[in-house]
Amino acid sequence: MRVHHLDCGSMHPAGGGFVDGSPGRLRFAHMVCHVLLAESDDGLVLVDTGFGVRDLTTPKETLPGPFVALVRPVFDVAQAAVRQVKALGYDPADVRHILLTHLDLDHAGGLADFPDARVHVYGPELRAALSPATGGERQRYRKAHWAHGPKWEVHEGGGGDRWMGLEAVRGLTGLSDDFRLVPLEGHTRGHCGIAVRSDEGWLLHAGDSYFNKAEMAPSPSCPPGLGVFQTLMAVENKARKANQERLRAMLRDHRAEVRTFSAHDAVELAEFTR
Ligand SMILES: [Zn+2]
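Right, let's walk through the structure included here. In this text, all values refer to a predicted model and were calculated from it rather than measured experimentally.

Things to note about the nonpolar core
Step number 1: Core analysis: the largest hydrophobic core is formed by 39 residues, its most contacted members being Leu-46, Ile-98, Leu-103, Leu-111 and Phe-114.
Step number 2: Beyond its immediate chain neighbours, meaning those up to four positions away, Leu-46 contacts Val-35, Leu-36, Leu-37, Ala-81, Val-95, His-97, Ile-98, Leu-99 and Phe-114.

Brief notes about the pairing of strand E3 (residues 43-47)
Step number 1: Burial runs high along E3: five of the five residues are buried.
Step number 2: One ladder, built from five bridges, connects strand E2 (residues 34-40) with E3; its direction is antiparallel. By the bridge assignment for E3, Glu-39 is matched with Leu-44.
Step number 3: Following E2, the chain reverses through two residues before pairing antiparallel with E3.
Step number 4: Pairing of E3 with strand E4 (residues 95-99), which is carried by four bridges, proceeds in the parallel orientation. Bridging from a neighbouring strand, Val-47 pairs with Leu-99 of E4.

Quick word on the sheet that holds E4
Step number 1: Ordered in space as E1-E2-E3-E4-E5-E6, the six strands form an open sheet in which the pairing is mixed. Bordering the open sheet on either side are strand E1 (2-7) and strand E6 (151-155), each of which pairs with just one other strand. Direction aside, neighbouring strands of the sheet carry axes that sit 20° apart on average.
Step number 2: Sheet analysis places E1 next to E2, joined by six bridges and oriented antiparallel. Among the inter-strand pairings, His-5 is bridged to a residue of E2, identified as Leu-36.
Step number 3: The sheet contacts of helix H6 (residues 123-130) involve strand E5 (118-122) and E6, and relative to E5 the element is tilted by about 95°.
Step number 4: With respect to the sheet, helix H10 (residues 266-273) is in contact with E1 and E2, its orientation differing from that of E1 by roughly 140°.

A few points about the coordination of the zinc ion
Step number 1: Note on the zinc ion: its protein donors are Asp-106 (OD), His-107 (NE2), Asp-208 (OD) and His-264 (NE2). The metal-donor distances range over 2.1 to 2.3 Å.
Step number 2: Classification of the site at the zinc ion as irregular follows from its four donor atoms and the range of 84 to 161° in their angles at the metal.
Step number 3: Each donor residue of the zinc ion lies on one chain, and together they are spaced D-H-x100-D-x55-H. Here Asp-208 lies in the loop between strand E11 (201-205) and helix H8 (224-233) and His-107 lies in helix H5 (residues 105-108), a separation of 101 residues in the sequence.

Each value, and the rule that gives it
- Here the residue index of a chain counts from 1 through its sequence in written order.
- Given that this is a predicted model, residues contribute local features only at a pLDDT of at least 70 and side-chain atom pairs are listed and counted only at 80 or more, while totals for whole chains, interfaces and linings are drawn from all residues.
- Water and hydrogen atoms play no part in the side-chain values, which are based on all heavy atoms of the structure.
- Here the nonpolar core consists of buried residues drawn from Ala, Val, Leu, Ile, Met, Phe, Trp, Tyr and Cys, with membership extended through side-chain atoms lying within 4.5 Å.
- Exposed residues in this analysis have more than 50% of their type's maximum accessible area, buried residues have under 20%, and partly exposed residues fall in between, with area computed by a 1.4 Å probe over protein chains only.
- What makes two residues a contact is simply this: any of their non-hydrogen atoms within 4.5 Å.
- Helix and strand assignments follow DSSP, with helices taken as H or I runs no shorter than four residues and strands as E runs no shorter than two, numbered in order from the N terminus.
- Strands are labelled as partners when DSSP assigns at least two bridges between them.
- In this analysis an axis means a line fitted to C-alpha atoms, helices contributing only their contacting stretch, and an angle means the value between N-to-C directions, from 0 to 180 degrees.
- Metal coordination here is assigned from N, O and S atoms located within 2.8 Å of the ion, or within 3.2 Å for Na, K and Ca; omission of water means that sites may look incomplete.
- Square planar and octahedral assignments, for four and six donors respectively, both demand that opposite donors be over 155 degrees apart and that all other angles lie between 65 and 115; tetrahedral needs four donors with all angles between 85 and 135 degrees, and anything else is irregular.

Everything listed is a geometric property; what it means functionally is a separate question.
See below:
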């Protein structure tokens, strides 16, 4: 299965290397919204959507001002998944499935651009997004992103299936077992990784379970600004940290079989696209 790696939302927060880990502090950092477009036997499949057309053209309608001020998205509508699908020569109507790592505003913004797709989501995440319990959850989840009524396909854990030693959910409606949800809670209540079996082996879109490649190294580290940001954004920080440790252990055991990447690390995205 051929898989394209897209950036559906570049962001330039202050903090330079304190945030993205690359040299230089007196510059803006570079982050991306890493999205997959897979050519499956079951039609085109997106993993995450990044920002949508509406976010990128009329952001005041969908994105909170403090978020925009902090992460400084590049408002380039050509980055919207629907525009990139067209630019690759596909019909957006052929996107039959969307798998979401979670429903944060920078991952679910493009849902309305694919109103007929089935949207696969982990049950605890959909419940968190539809019934936000805190001010933080009300900021990060945007009702405008699902006001069109997505065709939700809700999946629950507990089936006992494993993928590379991690608990996983398979048998996603209408999809082969080349796609799995891998629950990695912490960043949000129902955050997941999404495993995809590509032509070049298994990929794990780790969403926001980590933000910088160095966090998955055998001796992990994290740029300090990014570490603070992740702790502040985590709904359950202990679970987030425990799941990072599980991911590192999985990579230790399966490094030859699995390539993983964060939603937001620009260096990891470049490794796939160059
Ligand atoms: Zn994110």
